[in-house]
Amino acid sequence: MSAVEFLRPEGWLGVNGGPRYVQLRQRLEAGIEAGVLPPNSSLPPEREIAEITGLSRVTVRKAIQELVSEGLIEQRQGSGSFIRERVSRMEQSLSHLTSFTEDMAHRGMDTKSSWLERGVFLPSAQEISALDLPEGAEVARIYRLREAGGRPMALERAALPLDILPNPLEVTTSLYDVLDRLGHRPVRAIQKISAINLEPPEAKLLGVAEGAAGLSIERTSFLSSGRVVELTRSLYRGDAYDFVAELRL
Ligand code: GLP
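The notes below deal with the structure included here. (Residues numbered from 1 in each chain as written. Predicted model: local features only at pLDDT ≥ 70, side-chain atom pairs only at ≥ 80, totals over all residues. Heavy atoms only, no water.)

## Looking at the site of the ligand
Filter applied, for reference: Here, proximity means that at least one heavy atom of the residue falls within 4 Å of the molecule or strand. Within 3.5 Å is the distance limit for a polar contact, defined as a pair of N or O atoms, with the added protein rule that one can donate a hydrogen and the other accept it, and that residues adjacent in sequence qualify only through two side-chain atoms. Per-residue and other accessible areas were derived by the Shrake-Rupley procedure at a 1.4 Å probe size, with only the shown protein chains allowed to occlude residues. Segments assigned H or I by DSSP are reported as helices when at least four residues long, segments assigned E as strands when at least two residues long, and all are numbered from the N terminus. Nonpolar residues are Ala, Val, Leu, Ile, Met, Phe, Trp, Tyr, Cys and Pro. Charged residues are Asp, Glu, Lys and Arg, and all others, Gly as well, are polar.
Neighbouring the ligand are 15 residues; Thr101, Glu156, Ser174, Leu175 and Glu230 lie closest to it. For the ligand, an oxygen atom lies 2.3 Å from a polar atom in the side chain of threonine 101. In this structure, an oxygen atom belonging to the ligand sits 2.9 Å away from a main-chain N or O atom of tyrosine 176. When the ligand is considered free in solution it has 400 Å² of accessible area, and contact with the protein chains removes 99% of it. Mapped onto the shell around the ligand, the elements with two or more residues apiece are helix 5 (100-106), strand 5 (139-148), helix 7 (175-181) and strand 9 (228-237). In terms of residue count, the dominant contributor to the shell around the ligand is strand 9 (4 residues). Grouping the constituent residues of the shell around the ligand by class yields 4 nonpolar, 6 polar and 5 charged.

Okay, here's the thing in structure tokens:
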């Protein structure tokens, strides 16, 4: 069935069905759910939906706006409204110090990293203070786009003292595996999570719209001696993750 046929008002739009924008919103939701309006397809323009349904453009706009806030529809400037691709949200525990590779393996997903930067650099002021680097020390940096199950999930920029990770090129898949081998796997970490809007370059790499919601997670992790192992900033797609913390009395 085409989107136009699906939106013909017979059978779903009625006087007793509640506010008309709600009825239209529900019809569009049903179309998305049933695959009549498949991911990445464009929604007929507002004017056309108004013509097919006999509703006013104001009503149509209101229904679409609600779907935009629900995250089902995305408005791309100059090219109209599109059905958003749905990523299944993942739950991520906030109490276990695990690596990205382990988290995904736990869910039966393969991971892939594309390298954006990997090498030895002069540290930034933030790295010097967070990693407690001595004067003149360099820093090992790795910056990756992390994918799971074929989908981009996060951008991750890690900085480590050079004596902890002398050769960043050794990291091919899992950083924590390499640290484990070197006897430097962290045992404790502090994480700071903040809500952000993804800037154009990051949004592009993550395959979401500019300004889309994301989560910034800064992890500082430590050896049992208390020494800092890594300072990592990860930008996660906001539509892919739910972070869950267990609280006890
Ligand atoms: C998570 C953490 C990072 C850590 C990474 C290691 O994503 N947020 O701080 O560096 O895991 O993952 P992997 O061992 O898969 O490279």
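## With respect to unusual backbone geometry
Most of the time, phi is negative for any residue but glycine, and the peptide bond is trans. With phi around 75 degrees, asparagine 40 is a residue other than glycine that occupies positive phi space. Along the chain, the position of asparagine 40 falls in the loop between helix 2 (20-34) and helix 3 (46-53). Here aspartate 132, not a glycine, exhibits a phi torsion of approximately 55 degrees, which is positive. With respect to the helices and strands, the residue aspartate 132 is situated in the loop between helix 6 (125-131) and strand 5.

## Overview of the pattern of salt bridges
As a working rule, side chains carrying opposite charge can pair if their charged atoms are close by. Rules: A carboxyl oxygen of Asp or Glu within 4 Å of a side-chain nitrogen of Lys or Arg is what we treat as a salt bridge. Remark: exposure states derive from per-residue accessible area (1.4 Å probe, protein chains only) relative to the maximum for the residue type, with buried under 20%, exposed over 50%, and partly exposed in between.
For the structure on display, the rule yields 16 salt bridges. A salt bridge links glutamate 74 to arginine 76, with the shortest nitrogen-to-oxygen separation between them at 3.1 Å. Look at glutamate 74 and you get buried, because its relative accessible area is 16%. One network of salt bridges, in which partners are shared, links Glu74, Arg76, Arg84, Arg237 and Asp239.

## Overview of the nonpolar core
Quick reminder of the rule: As used here, the term nonpolar core means buried Ala, Val, Leu, Ile, Met, Phe, Trp, Tyr and Cys residues forming a set that is joined through side-chain atoms within 4.5 Å.
Leu24 and Leu43 are the most contacted members of the largest nonpolar core, which totals 21 residues. Counting residues per element, the ones that place at least two in this core are helix 1 (3-7), helix 2, helix 3 and helix 4 (57-70). If you tally residues by element for this core, the top one is helix 4, at 4 residues. Within the second largest apolar cluster, 13 residues are counted, among which are Ala158, Leu160, Ile164 and Leu165.

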